[in-house]
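# Geometric and topological summary
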Amino acid sequence: MIHFDFRAKLAVAGMVMALVALLASDMTIYLLIAFLVIYLTVQGIGRHALVYLAVALVLIGLRLYSNGSGITPLLPEMFLFMLLRTVLMLMAAEPIFGMPPGEVVAVCKKMHAPDLLSLPLTFMLRFIPAIRGEFGDVFDSLRMRGLLSIRHPGRAFEYMVTPVIFRSSRIAEELAASAESRGISFPGAHSCRREIRFEGKDGLLVVLSIVIFGMCLFVDRVVLI
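Treat the numbers as computed from the prediction; the structure is a model and nothing was measured.

### Some thoughts on the nonpolar core
Within the largest apolar cluster, 44 residues are counted, with the highest numbers of intra-cluster contacts made by Val16, Leu32, Ile33, Leu36 and Leu88. For this core, the secondary-structure elements that each account for two or more residues are helix H1 (6–22), helix H2 (26–41), helix H3 (46–66), helix H4 (77–97), helix H5 (101–110) and helix H8 (200–223). Per-element tally for this core: the top contributor is H4, with nine residues. Val138, Leu142, Val164 and Ile171 belong to the second-largest nonpolar core, a separate cluster that totals six residues.

In structure tokens, the structure reads:
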């Protein structure tokens, strides 16, 4: 398992989001998916990579089956197009979501990032895993009680979302109080148990990202034109 610096992960996420907006060919999207699967696997989150890959393959299969016409009026081709690119952005952001918030705060302080950007990012990184866990708990509870049924999807959706909405407000308050008690708003230097260094492997990842970015654009705009 390789641990990359937050700045290197941020560079990869920015590169992927730019490519998602610029690429038009399916072949370059497939190349980007392969790169992201390897990127996640070397960081020890291969299970997440397989889940994302399975979802991407299903969406690719649906797009090939629809042949540009969409599956149903409720599942048009444009929706599949957007879902596939959303999966790419989630794959690029997955290593960032799994980072300890304290490390993100330390890196932001080291980069002299304004609190207007660093504080929302820190709360987001703590809030998303908490909400994900809440959805998992609610889903398990409903499944044990037999309340999940494809015959009543609206009711099942209501049973899942309603408790999470009520819990999310309490979770937000608890996270804000926890962060404040740990001194997140302290104007001085913040310490971190991990050593924050931009090492050679991080620079190599940034260079590789730039190469992938240029290669995808070249293949998309020149080779497959």
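### Concerning the packing of H2 against H4
Contact pair H2 / H4: the axes reach a minimum separation of 10 Å and the direction vectors enclose 25°. When the interaxial angle is binned, H2 and H4 end up roughly parallel. Crossing geometry of H2 relative to H4 is assigned as left-handed. Only Leu84, Arg85, Leu88, Met91, Ala92, Glu94 and Pro95 of H4 make contact with H2, whose side of the interface consists of Ile29, Leu32, Ile33, Leu36, Val37, Tyr39 and Leu40. Within the contact of H2 with H4, the residues separate by chemical class into 12 nonpolar, no polar and two charged.

### Structural notes on H2
Helix length check: H2, at 16 residues, gives a terminal C-alpha distance of 23 Å against a target of 22 Å (1.5 Å per residue), a fit within 8%. What H2 keeps buried is the set Thr28, Ile29, Leu32, Ile33, Phe35, Leu36, Val37, Tyr39 and Leu40. The N-capping residue of H2, defined by a side-chain oxygen 3.2 Å from the backbone nitrogen of Met27, is Ser25.

### Brief notes about the packing of H1 against H4
Close contact between H1 and H4 brings their axes to 8 Å; oriented N to C, the two are set at 175°. Between H1 and H4, the angle is such that the two are roughly antiparallel. For the pair formed by H1 and H4, the contact residues are Phe6, Lys9, Leu10, Ala13, Val16, Met17 and Val20 on the first element and Arg85, Leu88, Met89, Ala92, Pro95 and Ile96 on the second. In terms of residue class, the contact of H1 with H4 is built from 11 nonpolar, no polar and two charged.

Conventions and cut-offs
- Along each chain, numbering runs from 1 in the same order as the chain's sequence is written.
- Predicted model: local features are reported for residues with pLDDT of at least 70 only, side-chain atom pairs are reported and counted for 80 or more only, and whole-chain, interface and lining totals are derived from all residues.
- The basis for the side-chain values is all heavy atoms of the structure; hydrogens and waters are excluded.
- Buried Ala, Val, Leu, Ile, Met, Phe, Trp, Tyr and Cys residues that are joined via side-chain atoms within 4.5 Å together make up what is termed a nonpolar core.
- Working definition: with a 1.4 Å probe on protein chains only, accessible area under 20% of the residue-type maximum means buried, over 50% means exposed, and in between means partly exposed.
- We count a stretch as a helix when DSSP gives it H or I for four or more residues in a row; a strand needs E for two or more, and each element gets its number in order from the N terminus.
- The angle between two axes is taken between their N-to-C directions and runs from 0 to 180 degrees, where each axis is a line fitted to C-alpha atoms and a helix contributes only its stretch in contact.
- For classification purposes, an angle smaller than 35 degrees is called roughly parallel, one larger than 145 roughly antiparallel, one from 65 to 115 roughly perpendicular, and anything else oblique.
- Crossings are assigned a handedness: left-handed for a near helix turned anticlockwise from the far helix by less than a right angle, right-handed for a clockwise turn.
- Whether two residues are in contact is decided by their heavy atoms, any of which lying within 4.5 Å being enough.
- Classification used: nonpolar for Ala, Val, Leu, Ile, Met, Phe, Trp, Tyr, Cys and Pro, charged for Asp, Glu, Lys and Arg, polar for all others including Gly.
- Here the expected length of a helix is defined as 1.5 Å per residue gap, with one fewer gap than residues.
- In the analysis that follows, any N or O atom pair within 3.5 Å is treated as a polar contact, provided that within protein one partner can donate a hydrogen and the other can accept it, and provided that, for residues neighboring in sequence, both atoms belong to side chains.

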